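Coordinate analysis (summary)
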Amino acid sequence: MQEIKNYVETHKQRFLDELFELLRFPSVSADPKYKGDVLKTADYVAQKLKDAGADNVEICPTAGYPIVYGEKIIDASLPTVLIYGHYDVQPADPLELWHTPPFEPTVRDGKIYARGACDDKGQFYMHVKAFELMMETNTLACNVKFMIEGEEEVGSANLGIFVKDNAERLKADVVLISDTSMISMDHPSIETGLRGLAYMEVEVVGPNRDLHSGVYGGAVANPATILCKMIASLHDENNHITIPAFYDKVLELTDEEKKALNSAPYDEEEYKKDLDIEEVWGEKGYSTLERTGTRPTLEVNGIWSGYIGEGAKTVLPSKANAKISMRLVPHQSSKEIAEIFTKHFESIAPKNVKVKVTPHHGGEPVVTPTDSIAYQAAEKAIEDSFGKKAIPTRGGGSIPIVALFEDVLGIKSVLFGFGLDSDALHSPNEKYDIYNYYKGIETLPLFHKYFAELSK
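Summary of the structure given here.

Here is what the cut-offs are and how they apply
- Residues numbered from 1 in each chain as written.
- Predicted model: local features only at pLDDT ≥ 70, side-chain atom pairs only at ≥ 80, totals over all residues.
- Heavy atoms only, no water.
- Helix = DSSP H or I, 4+ residues; strand = E, 2+ residues; numbered from the N terminus.
- Rg over C-alpha atoms; globule rule 2.2 N^0.38 Å.
- Buried < 20%, exposed > 50% of the residue type's maximum accessible area, 1.4 Å probe, protein only.
- Contact = heavy atoms within 4.5 Å.
- Lys, Arg positive; Asp, Glu negative; His and termini not counted.
- Charge placed at Lys NZ, Arg CZ, Asp CG, Glu CD.
- Polar contact = N/O pair within 3.5 Å; in protein donor to acceptor, adjacent residues only side chain to side chain.
- Phe/Tyr/Trp six-rings, centres within 6.5 Å; stacked < 30°, edge-to-face > 60°.
- Lys NZ or Arg CZ within 6 Å of the ring centre and 35° of its normal.
- Pairing = 2+ DSSP bridges.
- Axes fitted to C-alpha atoms, helices over the stretch in contact; angles between N-to-C directions.
- Core = buried A, V, L, I, M, F, W, Y, C linked by side-chain atoms within 4.5 Å.

**Looking at the overall build of the protein**
Check the secondary structure of the protein and you find 13 helices and 20 strands. Its C-alpha atoms give the protein a radius of gyration of 23 Å, near enough to 23 Å, the size a compact globule of 456 residues would have. In terms of its C-alpha atoms, the protein occupies a principal-axis envelope of roughly 80 × 50 × 45 Å. When the 456 residues of the protein are sorted by exposure, 54% land in the buried category. If you take every contact in the protein between residues at least 6 apart in sequence, the share linking residues at least 24 apart comes to 79%. Here the protein holds 48 positive side-chain charges and 70 negative ones, and the gap between their average locations is 3 Å.

Now the structure itself:
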């Protein structure tokens, strides 16, 4: 551990400078205008893998953005760790809410503020630097393969094809992913499950053009009003989702599982203070930890209609749109949920409007084993690095490719994130603690060490 700390201390400024350089690339995969920047980011990642000591580094083309691959095979008889991450980021909008420019990393109070700081550039880059550390100190204990993609934030549409076409090349014993969070640095944790996702877009159309709200208001259905009523009807008074068959395959926690989940450190007053809210909200009969990790949800991610510019324009809009995501739990299928959502949403539309539902990307929920050699290695690494045992938790987010890796490659994943729920992922002023960044670089070599030892 001391040798690891010494190396990080010696190179800490360079590690930070390189991350800042990576964060300056506006690698927004959702917006075509950033295509050139996304491709430059892939080039940068590939070069840094080479610099760290990886062999066979390749920028692998796909029908969308490329996947950066690299490897270091030191002994075919040793176990192999496949490291996954993504170099693309969410759009930075709304820009006016950022305190500093989203693609000019800024340090305030020991935290790096930038789009992608935590999700996932800061986290996957920990692995690159940890790999460098192991190479330079001659302590790499197992084979390593890197697969860093550029389309995670838009659903990883081409990753499945790449994985299936390169199954032999990607052969490994475990997938190691740092795209999740811990409870805190005082309470280190390892996520043991993730929710799935079904992402939809809906459109409600009324008259064939925008109308004068004085001339036509009260006589023609307003699509914005209708859409709001339809969305509101998707939850009942107990915040239970009203779509028929939505809960049919939901796996309920046992009393023991609930007790274990709710034993994790959680301060509701601090939770509300951090978000500046008076009360929490959610499905009746469940705690906040249960709602965010083990229960399915339906949320409006965006909604728009009519005139939203400066000043006033008295218009009755022709159409209204919304983006809706549903987080799913074990045994729910993203395809089935998308189908029943579409059927239900179309069925509740009144005859004075037309409705169109468009499914976007989705992914399946996963639960990772806590009795595997890889999980035990992660636990031992945490205990060595933090001086305390890791708490198993369930993550509320979705990483659709975890189920893909298990299905196609036949291997489980370890969700070894060092972010925090308060890091404003997907929001303005996303951040990542410098301490967490360095702590990840210190802890990851220990995972490799213990994984190799326990695999013997």
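**Section: helix α8 (residues 268-275)**
Where α8 begins, the side chain of D267 points an oxygen toward the backbone nitrogen of E269, at a separation of 3.0 Å. One or two positions beyond α8, positive phi appears at D276, with a value near 55°.

**Some points on the packing of aromatic side chains**
Inspection of the entire model under this criterion finds 12 aromatic pairs. Pairing F124 with Y125 gives two aromatic rings, centres 6.3 Å apart and planes at 85°, and the pair type is edge-to-face. Take F124: its relative accessible area is 2%, and that puts it in the buried class. Ring geometry for F341 and F345: centres 5.4 Å apart, planes at 15°, overall stacked. Residue F341 and its partner F345 are both found in helix α10 (residues 334-347); the two are separated by four residues, about one turn of the helix. Each member of the pair, F341 as well as F345, is classed as buried. An aromatic cluster is built from F416, F418, F447 and F451, whose rings are joined through pairwise contacts. Stacked on the ring of Y113, the Lys or Arg R108 has its end atom at 3.8 Å from the ring centre. It is K439 that lies over the ring of F386; its NZ or CZ is 5.0 Å from the centre.

**What to know about the sheet that holds strand β12 (residues 297-305)**
The sheet built from four strands is open, its strands ordered β12-β14-β10-β15 with antiparallel pairing. Every interior strand has two partners, whereas the edge strands, β12 and β15 (354-363), have only one. Shown here is a sheet whose adjacent strand axes are inclined to one another by a mean of 15°, direction ignored. Where β12 meets strand β14 (residues 319-328), eight bridges bridge the pair, whose relative direction is antiparallel. What sits directly across from L298, in β14, is M326. Relative to β14, helix α6 (residues 223-232) is tilted by about 15°, and along the sheet it contacts β10 (196-205), β12, β14 and β15. Across the sheet, α10 lies against β10, β12, β14 and β15, angled at about 20° from β10, the strand it touches most.

**Thoughts on the nonpolar core**
Counting residues in each nonpolar core, the largest one holds 69 residues, and the members touching the most others are Y87, F416, Y437 and F447. Counting residues per element, the ones that place at least two in this core are α1 (2-23), α2 (35-52), β3 (80-86), α3 (121-136), β6 (143-149), β7 (174-177), α11 (373-386) and α13 (434-454). Here the element with the most residues in this core is α13; it accounts for 10 residues. V204, I243, M326 and A338 belong to the second largest nonpolar core, which has 28 residues in total.

**A word on unusual backbone geometry**
Residue P94 is bonded to the preceding D93 through a cis peptide linkage, with omega at -5°. Looking along the chain, the bond that leaves D119 and enters D120 is cis, with omega of 0°. Structurally, D120 is set in the loop between β5 (111-113) and α3. In the Ramachandran plot, A245 falls in the positive-phi region, its phi being about 75° despite a non-glycine side chain. Assignment of secondary structure puts A245 in the loop between α6 and α7 (255-262). Phi is positive for H426, which is not a glycine, with a value near 70°.

**Looking at the environment of W98**
Inspection of the secondary structure puts W98 in the loop between β3 and β4 (106-108). For W98, a relative accessible area of 7% corresponds to the buried category. As a C-alpha pair, W98 and T358 span 260 residues in sequence and 31 Å in three-dimensional space. The residues touching W98, leaving out its near neighbours within four places in the chain, are A92, A114, R115, S427, P428, N429 and E430.

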